[in-house]
Structure formats: C-alpha cells, structure tokens
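The chain contents come next:
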Amino acid sequence: MIRFEGVHKWFGKLHVLNNINLHVRAGEVVVVCGPSGSGKSTLIRTINDLEPINEGKLIVDGMDLSEKKTDINKLRAEIGFVFQQFNLYPHLSVLKNITLAPMKIRNKTRKEAEEKALALLERVGLSEKRDAYPTQLSGGQQQRVAIARGLAMDPKIMLFDEPTSALDPEMIGEVLQVMKDLALSGMTMIVVSHEMGFAREVSHRIIFMDFGTILEEAPPEEFFKNPKHDRAKQFLKQILSPMH
Amino acid sequence: MLTYKFDWAIVTSGKYFDWIVSGFYVTIKLSMVSIALSFLLGLIIAIMRMSHLRPVRWFAHGYLEFFRNTPLLVQIFFWYFGSYKVLPAVANDWLVKQDFEFAAAVIALTIYTSAFIAEDIRSGVRSIPKEQMEAARSSGFSYIRSMQYIILPQAVRLTIPPLINQFLNLMKNSSLAMTIGVAELMYQARQVESYTFKGFEAFSAATLVYLALSFTITGLMTLYDKKVLQPLKGR
C-alpha cells in the first residue's frame, strides 16, 4: 500500500529523512515513535505530499509520488490525515466540516453526505454535536470530529500525526478508543505517537526513528521486550519510566 | 451683519428637492454597482497576488501599485476622455448610445477601490493559520478550491472592518463622477446652487444625505458582522 525506497529529504542543510526504506501493507497498523526532531512527522507528511520528497521513490496506493504527472489531489482524497492541532474549519459547523469534501470532491448529494456524516458522528460518539461549531468543543471532541472528517471520504489509508499530543490527559482515552476501533476494522493506519499502550495493544509494527533514519522496526512484543538499538532502549526507558 | 437669507424650503420640496432626490438615486446606483464589482475584482486580484505563478503575481502587484498610486480623478478622466479614443468606430458609436458617463465612473471607481480591497483581503488571508490550508489540501482540495471553500470565507470575515472603510470611501468618492457629468448627488447639489445661489442649503442637503448613506453602510455591515459572521468566528 505504501512503499518508501531510499527516500531522502532535506530542510535546507538539515537532513530530515535519511534513506528511508519502508513497506506498509494494506490493513496494517504501524506506530512511528522517536524523540522530537527525529523526522517522524516529516515521514508521515510525505505520504500525502504535504512534504515533497527530494530523492528516492515513494509509492502510495499505486501512485508514484516522485512522478510529476501524479494527480496529487486524487491521491490525497484517498488518504485521511489527522493533525495534532485538529485543524477543523472554524467557520463551519461540525456536520459541514465532515460533509464539505465528500460533496465538493466526491460529488455526493447533500443527503448522502449528511447520512454518512451522521453515521460517523455516532461512531465517534458525537451525534448531539452535529450543529456545534469547532470552538464550542473540547480538544478531544474536536479530534474525534477530525477523525470523522477524514473517514467521510472513505479513505484507503488514515494517517495520524501525534493525534493526542495536544490533548488534556483526560481526553486522550476517548480519541485512542476511536482509533482502536478503527484499527480493528481493518483500516491501514500509520500513527505517529508516543502512546505506547495503544502501540502495544493494536499496532502490528512499531517503527523507531532518530536523526531521520529508521533505527528499529519490530512487532510490539519484540520492540518492548527486547529493543536492539541503544537509542531505542533509552527512549523506551524515558517514556515508560514510573514517573509517567 | 448677516445679510444671507436662508431658504430651506428649496431643498425640502419642489423642483430642486426633486433634483436632489434624483441625484441621491444616481449616487446609490453608482455606489452599489461599484461596491459589488470592486469587491469581486478585489477578491480576484487578491487571489492573483497570492498565486504561485510568478507572472500572475507580478501582474497583480503592478495593478495594485498602479491604481493605488494615481489619483482617482485622473483615472476617471482617463476612462471617460481617454479610453474610447483607441476603440474602433463601431464600438464608439455603440458607446455614445449608452450611458457612457455612468459606465466610465463605475469602471474608475471599481478599479481604483478594488486595489485597496485586494490588499485588505490579502492581509485577511495571511492571518488565517497555514494549517487550515494544509487541512484543506490534505482532503484533496486544489489550491483554488481550498481558497474558495476554506480560506477566503474565513478571511473575508476578518476583513469586514477594513471593507466598511473601503465601501465608505467608494461612496464618498463617487461624488467625483460629477466632473464627467454623471448626475449624481453632488452634481445636482451644484445645479441647485447655480440656479438658486442657495449654496449653503444645497450643499448642506448633500452633506446630510452623504452622512445618512455612510451611517447606513456602516450599520448594515456591522449588523451583518454581528448577526451572521461573529457567531461563526473564533478559534
């Protein structure tokens, strides 16, 4: 479904992605972790071309992102992206946030789009918020709406860029629950996150990044029990220490 | 000793009152048409100004600098006395049959004001966080459609206060159209003065009408902002 082959990216002189090779299969749930500045957000943002790659090959859903001809808007419509800061449209109601893209890009009728949106709102537990505006919602609620907005396009892939990092602790659970259900439904997901509980429970694979490279790639049991790389050990120790 | 005899009756009833009223209608028509067109044109120029195509951006930039930095009166005279000279005779014959004074005034006011409006809209757009564009683009919207559905609706809301100013300026500037013979409010007030020598009354009446129009525009825009836009605003 997603294949990185020798991908490089630079921000000026900074080598943010250094020879990335990665293959994510359909239905797979991959969690990407690593210290800040390790390139994990950049990695996930290259998948829908929010950050274009400089070198190498990146093939997503059969489309080659290094090709100029690739219709990037068409590809993006197949990929849901959930941001750390939610990025809902503040001038639109919850319902309209969800129906906008299906109506304008997929040419669905208002009725079709709204039916789907209401079903999704129910799925994320926010049916009663359909007419609210984003600013009237808590962070956790906004993020659940953002997930529903992504799902409304019937995406083949869902990308999550630190979806719980901007949330108050008591709201993290409700968002993770929605993501967990989604993972169990067979969605192909790549999640940049430090939520190791989530990673352990639902991911098929954990990727540990630092300095723009993938240092470790393993199923969760193996990653937590027996991390090979020193940096990964150190990272896990910090993140799983009893203080947290 | 004040020897001037006030005669307010001439501007509150009768023939001269009718002149003022007809001028008032022309001013409204001229302002409304130019406000609508200058807003549309300003929107288009603002979008061009932010285009990633360099020639488009440069064109918009040149347009802005050119029309913001030349006097409106010169522009009005150019469109009225200058522009038609380079047109073919057929076009000229057609123009003469139209209300060319009015059209030239609309063109000048529209283009002049659109340059200011475009800059206001652009600064509105710049104050929308770039994440909004990212969210729109990652849903599969093109740049133009992201602008259309997500960025501009938010930006225009933020632009309401400066827009009120531009619309007020346009309405007041419409008085310059008298110089090319558009029979708007100022033109009619001047007519009344010429016929009656009652300059104080005639121009007082014009002043009051302009004031009333200004307050109406401000009131309508503020009401629109309060009732329609504010409830949707905020982040």
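Everything numeric in this text was worked out from a predicted model, so none of it was measured. (Residues numbered from 1 in each chain as written. Chains lettered and ligands numbered in written order. Predicted model: local features only at pLDDT ≥ 70, side-chain atom pairs only at ≥ 80, totals over all residues. Heavy atoms only, no water.)

1. Considering the interface of chain B and chain A
Listed by partner, the interface residues are 21 residues for chain B and 22 residues for chain A. Counting each side, the surface lost to burial between chain B and chain A is near 1900 Å², with a carbon and sulfur contribution of 56%. Linking chain B to chain A there are one salt bridge. The residue B:Glu134 makes a salt bridge to A:Arg45 at a minimum N-O spacing of 2.5 Å. Between chain B and chain A we count five residue pairs in polar contact (both at pLDDT 80 or more) in total. (Contact = heavy atoms within 4.5 Å. Buried area = accessible area lost by both parts, 1.4 Å probe. Salt bridge = Lys/Arg side-chain N within 4 Å of Asp/Glu carboxyl O. Polar contact = N/O pair within 3.5 Å; in protein donor to acceptor, adjacent residues only side chain to side chain.)

2. Looking at the environment of B:Met147
Residue and element names in this part refer to chain B. By secondary structure assignment, the location of Met147 is in helix α8 (residues 143-173). We classify Met147 as buried; its relative accessible area is 4%. A C-alpha to C-alpha distance of 40 Å links Met147 and Gly23, two positions 124 residues apart in sequence. Among residues more than four places away in sequence, those in contact with Met147 are Met50, Val125, Met133, Leu152 and Pro153. (Helix = DSSP H or I, 4+ residues; strand = E, 2+ residues; numbered from the N terminus. Buried < 20%, exposed > 50% of the residue type's maximum accessible area, 1.4 Å probe, protein only.)

3. Description of the confidence of the model for chain B
Overall, the prediction assigns chain B a mean pLDDT of 91, with 96% of residues at 70 or greater. Complex prediction metrics read pTM 0.81 and ipTM 0.91. (pLDDT = per-residue confidence, 0-100.)

4. Considering the packing of helix α2 (residues 14-49) of chain B against α8(B)
Residues and elements named next belong to chain B. Closest axis-to-axis distance for the α2/α8 pair is 10 Å, and the angle between their directions is 135°. Taken together, the axes of α2 and α8 are oblique relative to one another. For the element pair α2 and α8, the recorded crossing hand is right-handed. Listed contacts from α8 to Ser31, Ser34, Ile35, Ser38, Phe39, Leu43 and Ile47 of α2 are Ile144, Leu152, Val156, Leu163, Phe167, Leu170 and Met171. Classifying every residue of the contact of α2 with α8 by side-chain character gives 11 nonpolar, three polar and no charged. (Axes fitted to C-alpha atoms, helices over the stretch in contact; angles between N-to-C directions. Parallel < 35°, antiparallel > 145°, perpendicular 65-115°, else oblique. Left-handed = near helix turned anticlockwise from the far one by under 90°. Nonpolar A, V, L, I, M, F, W, Y, C, P; charged D, E, K, R; others polar.)

5. Digging into the pairing of strand β4 (residues 55-60) of chain A
Residues and elements named next belong to chain A. Where strand β1 (residues 2-11) and β4 come together, five bridges link them in antiparallel fashion. Within β4, the residue paired with Phe4 across the bridge is Leu58. When β4 meets strand β5 (residues 63-64), the two strands line up antiparallel, connected through two bridges. Within β5, the residue paired with Val60 across the bridge is Met63. Linkage of β4 to β5, two consecutive antiparallel strands, is achieved through a turn of two residues, within which Asp61 is found at a positive phi near 50°. (Pairing = 2+ DSSP bridges.)

6. Remarks on the sheet that holds β1(A)
One key point about sheets: their strands pair by backbone hydrogen bonds, in either a parallel or an antiparallel sense. All names here are of chain A. Pairing within the open sheet is antiparallel, and its four strands lie in the order β2-β1-β4-β5. Two strands lie at the open edges of the sheet, namely β2 (14-24) and β5, each paired on one side alone. Sitting on the sheet, helix α1 (residues 40-47) is in contact with β1, β2 and β4, with an inclination near 120° to β1.

7. What to know about α1(A)
Residue and element names in this part refer to chain A. By the criterion of burial, α1 is predominantly enclosed, with seven of the eight residues buried. Within the span of α1, buried status applies to Lys40, Thr42, Leu43, Ile44, Arg45, Thr46 and Ile47. Just beyond α1, the residue with positive phi is Asp49, at close to 65°.

8. Here we look at the packing of aromatic side chains
Aromatic ring pairs are described here by two measures, namely the spacing of the ring centres and the angle between the planes. Scanning the model with the defined rule gives 21 aromatic pairs over all chains in all. With a centroid separation of 6.0 Å and an interplanar angle of 75°, the aromatic rings of B:Trp8 and B:Phe200 are classed as edge-to-face. Separated by 192 residues along the polypeptide, B:Trp8 in the segment before α1 (9-12) and B:Phe200 in helix α10 (residues 199-229) bring together distant segments of the chain. Between B:Phe78 and B:Trp79, the ring centres sit 5.2 Å apart and the planes meet at 80°, which makes this aromatic pair edge-to-face. Relative accessible area serves as the criterion here: at 45%, B:Phe78 is assigned to the partly exposed category. Here a set of aromatic residues connected by ring pairs shows up, and it is made of B:Phe77, B:Tyr80, B:Phe81, B:Tyr84 and B:Phe100. The ring of A:Tyr89 has A:Arg149 lying over it, and the distance from NZ or CZ to the ring centre is 4.5 Å. A cation over a ring is seen here: A:Arg200 above A:Phe224, with NZ or CZ 4.3 Å from the ring centre. (Phe/Tyr/Trp six-rings, centres within 6.5 Å; stacked < 30°, edge-to-face > 60°. Lys NZ or Arg CZ within 6 Å of the ring centre and 35° of its normal.)

9. Some remarks on the sheet that holds strand β7 (residues 157-161) of chain A
Residue and element names in this part refer to chain A. Spatially, the six strands line up as an open sheet ordered β6-β7-β8-β3-β9-β10, and their pairing is mixed. Both edges of this open sheet fall to β6 (79-82) and β10 (213-218), since each of them pairs with a single strand only. Here the average twist between neighbouring strands, direction ignored, is 15°. Sheet topology note: the strand β3 (residues 29-33)/strand β9 (residues 205-210) ladder contains four bridges and is parallel. Bridged to Cys33 within β9 is Phe208. On top of the sheet, α1 reaches β3, β6, β7, β8 (188-192) and β9; it is set at about 150° to β7, its chief contact.

10. Considerations on unusual backbone geometry
Residue and element names in this part refer to chain A. One non-glycine residue with positive phi stands out, namely Asn87, at about 55°. Relative to the assigned elements, Asn87 resides in the loop between β6 and α3 (94-104). The residue Asp154 is not glycine, and still its phi comes out positive at about 50°. Mapping Asp154 onto the fold places it in the loop between α5 (139-151) and β7.

11. Considering empty space enclosed by the protein
Tallying each qualifying case throughout the model produces two cavities of 30 Å³ or more. Looking at the largest cavity, its volume works out to about 80 Å³. As for the largest cavity, its lining consists of A:Ile79, A:Gly80, A:Phe81, A:Phe83, A:Ala146, A:Arg149, A:Gly150, A:Met153, B:Ala135, B:Ser138 and B:Ser139. Elements supplying a minimum of two residues to the lining of the largest cavity: β6 and α5 of chain A together with α7 (130-138) of chain B. Put simply, the second largest cavity is a space of about 50 Å³. If you go around the second largest cavity, the residues you meet are A:Arg123, A:Val124, A:Leu151, A:Val178, A:Asp181 and A:Leu182. Tallying contributions element by element places helix α6 (residues 169-184) of chain A first for the lining of the second largest cavity, with three residues. Here the lining of the second largest cavity is composed, by residue class, of four nonpolar, no polar and two charged. (1 Å grid on protein atoms, 1.4 Å probe; cavity = no way out; pocket = protein on both sides within 12 Å on 5 of 7 lines; lining within 4 Å. Points joined across faces, edges and corners; volume = space filled by probe spheres on them.)

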